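In case you want the letters, here they are:
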Amino acid sequence: MNSLSFSELCCLFCCPPCPSRIAAKLAFLPPEPTYSLISDETGSKYSLHLTDRAEWQYTQRELDCIEVFMTRTSRGNRIPCMFARCSPNAKYTLLFSHGNAVDLGQMSSFYIGLGSRINCNIFSYDYSGYGASSGKPSEKNLYADIDAAWQALRTRYGISPQNVVLYGQSIGTVPTVDLASRYEVGAAILHSPLMSGMRVAFPDTKRTWFFDAFPSIDKVPKITSPVLVIHGTEDEVIDFSHGLAIHERCPRAVEPLWVEGAGHNDVELYGQYLDRLKQFINVELAVN
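Predicted, not measured: the structure shown is a model, and the values here were computed from it.

Q: Got a minute to help me understand the UniProt feature "domain: Serine aminopeptidase S33" (unreviewed entry) in the chain in this structure?
A: The UniProt feature table records "domain: Serine aminopeptidase S33" (unreviewed entry) at residues 90-197. For the annotated span residues 90-197, helix accounts for 40% and strand for 19% of the residues, and the straight-line distance between the end C-alpha atoms is 35 Å.

Below, the structure written as structure tokens:
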């Protein structure tokens, strides 16, 4: 997410604000694609080709554990999905919605490292307009994208909802909260979540306006699954107060992880990050 310039603020006030305009200014920064999907002669099977900018950190053996395919959303866009088999005896699969300035290629090494350390497989997807996807990023597409990923995970791999843990990071918490408010899943993890678009742009906003984008704060009370909120106390993009408010509104919130001194993009570098995830997935969910 990025801050608004003075001219952009003027534009918001001088023009009738609309969710798509606010969303585009606040949230979507698709990078130059760092990967491509190459189909076989039948056009039904794909292989993943990473560019140097993906900064792949592992060997071909780990790359062979990643399966990729394309699926179509209800809004007509084609989006790539990635299934990383990180652990042969994993009980849970993370449905991971990544942050805004990365794509699946850049996230692939992180997925392998995270999944192998917390004993989970990881299923992820790119938003419309990101990576190898068609279409453009928008709030409505964001919800359609995670719906398509959810359906693909359920039908293609036969994974039951109680064995799916939704994981959203930054802008990825928006579709994660939306899906979790509509389906009962194993759990949800909200990493640096935002209350709403207007509350990020204008921190003094106290209510959800009709033209606001990403109104997660109004959806979290509907989440029936356990929710772990993670936030850095020095987050310079989405203020720590957003994480606090989201945590307080979740009916089944567990002990949150407030990472003292962490910003928006470095929470994963702190030791307590992995420790908290392991405790949540391997201990707390087992008794829920």
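Q: Would you mind going over unusual backbone geometry with me for this structure?
A: Most peptide bonds take the trans configuration, and most residues that are not glycine carry a negative phi. Of note, the phi angle at N119 is positive, near 60°, even though the residue is not glycine. Within the secondary structure, N119 sits in the loop between helix 4 (104-118) and strand 6 (121-125). The phi angle at S170 is positive, at roughly 55°, despite the residue not being glycine. Considering the arrangement of structural elements, one finds S170 in the loop between strand 7 (164-169) and helix 6 (173-180). Using a relative accessible area of 4% as the deciding quantity, one classes S170 as buried.

Q: Quick question: what am I supposed to make of the pattern of salt bridges here?
A: Pairing is possible between side chains that carry opposite charge, provided their charged atoms lie close to one another. This model, assessed by the stated rule, comprises six salt bridges. The salt bridge involving E67 is made with R85; its shortest N-O contact spans 3.9 Å. One end of the pair, E67, is in strand 3 (residues 66-72); the other, R85, is in the loop between strand 4 (78-84) and strand 5 (93-97), and 18 residues separate them in sequence. The partly exposed category is assigned to E67, whose relative accessible area is 25%. Classification of R85 by relative accessible area gives partly exposed; the value is 45%. Between D147 and R182 there is a salt bridge, with its nearest N and O atoms 2.8 Å apart. Taken as a pair, D147 in helix 5 (residues 139-157) and R182 in the loop between helix 6 and strand 8 (187-191) lie far apart in primary sequence, 35 residues in all.

Q: Looking at this structure, I do not really get the nonpolar core. What am I missing?
A: Nonpolar side chains tend to gather and get buried jointly when the protein is soluble and globular. By size, the foremost hydrophobic cluster in this structure holds 45 residues, and its most contacted members are L95, F123 and F214. Among the elements of the structure, strand 4, strand 6, helix 5, strand 7, helix 6, strand 8, strand 9 (227-232) and helix 8 (240-249) are those that each provide at least two residues to this core. In terms of residues, this core owes the most to one element, helix 5, which gives nine residues. If you look at the next biggest cluster of nonpolar residues, it comprises 38 residues, including L104, L114, I122 and Y273.

Q: Honestly, the side chain of S97 in this entry has me stumped. Any pointers?
A: With respect to the helices and strands, the residue S97 is situated in strand 5. Overall, S97 belongs to the buried group, its relative accessible area being 0%. Polar contacts involving the side chain of S97 include one to the side chain of Y125, which spans 2.7 Å. Apart from the residues within four sequence positions on either side, S97 is in contact with Y125, Y127, I146, Y167, G168, Q169, G172, P175 and T176.

Q: Help me understand the packing of helix 4 against helix 9 (residues 271-287), please; the structure alone is not making it clear to me.
A: For any two helices packed against each other, the geometry comes down to the angle between their axes and how far apart the axes lie. Where helix 4 contacts helix 9, the axes come no closer than 9 Å and their chain directions differ by 55°. Here helix 9 runs oblique to helix 4, going by the angle between their axes. You can see that helix 4 and helix 9 cross each other, and the crossing is right-handed. Touching F110, L114, R117 and I118 of helix 4 are Y273, L274, L277, K278, I281 and N282, all from helix 9.

Q: Can you walk me through the packing of aromatic side chains in this structure?
A: Where two aromatic rings form a pair, the distance of their centres and the angle of their planes describe that pair. Throughout the structure, instances matching the rule amount to 15 aromatic pairs. The interplanar angle of 70° and the centroid separation of 5.7 Å between the aromatic rings of W56 and Y58 together place this pair among those described as edge-to-face. Overall, W56 belongs to the partly exposed group, its relative accessible area being 22%. Judged by its relative accessible area of 28%, Y58 falls in the partly exposed class. Plain terms: the ring middles of F240 and W258 are 5.0 Å apart, the flat faces sit at 80° to each other, and that makes the pair edge-to-face. Of this pair, F240 sits in helix 8 while W258 sits in strand 10 (residues 257-259), and the two are 18 residues apart along the sequence.

Q: Would you mind showing me how to read the sheet that holds strand 3 here?
A: On the basis of which strands lie adjacent, the open sheet formed by eight strands has the order 3-4-6-5-7-8-9-10 and mixed pairing. With one partner strand each, in any of the chains shown, strand 3 and strand 10 form the two edges of the open sheet. Each strand axis lies, on average, 15° off the axis of its neighbour in the sheet, ignoring direction. Across the sheet, helix 6 lies against strand 5, strand 6, strand 7 and strand 8, angled at about 145° from strand 7, the strand it touches most. In this fold helix 9 packs onto strand 5, strand 7, strand 8, strand 9 and strand 10, with an angle of close to 165° to the strand it touches most, strand 8.

Q: Help me out: how do you make sense of the environment of H231 in this one?
A: Topologically, H231 is positioned in strand 9. By relative accessible area, which is 0% here, H231 ends up buried. Placed 42 residues apart in sequence, H231 and Y273 show a C-alpha to C-alpha distance of 10.0 Å. For H231, the contacting residues outside a window of four places in its chain are S192, P193, I238, D239, F240, H242, G243, L257, W258 and V259. Side-chain polar atoms of H231 contact the side chain of D235, separated by 3.2 Å.

Reading the values: the criteria
Residues numbered from 1 in each chain as written. Predicted model: local features only at pLDDT ≥ 70, side-chain atom pairs only at ≥ 80, totals over all residues. Heavy atoms only, no water. UniProt positions renumbered as here; feature names shortened; annotations may be inferred. Helix = DSSP H or I, 4+ residues; strand = E, 2+ residues; numbered from the N terminus. Buried < 20%, exposed > 50% of the residue type's maximum accessible area, 1.4 Å probe, protein only. Salt bridge = Lys/Arg side-chain N within 4 Å of Asp/Glu carboxyl O. Core = buried A, V, L, I, M, F, W, Y, C linked by side-chain atoms within 4.5 Å. Polar contact = N/O pair within 3.5 Å; in protein donor to acceptor, adjacent residues only side chain to side chain. Contact = heavy atoms within 4.5 Å. Axes fitted to C-alpha atoms, helices over the stretch in contact; angles between N-to-C directions. Parallel < 35°, antiparallel > 145°, perpendicular 65-115°, else oblique. Left-handed = near helix turned anticlockwise from the far one by under 90°. Phe/Tyr/Trp six-rings, centres within 6.5 Å; stacked < 30°, edge-to-face > 60°. Pairing = 2+ DSSP bridges.

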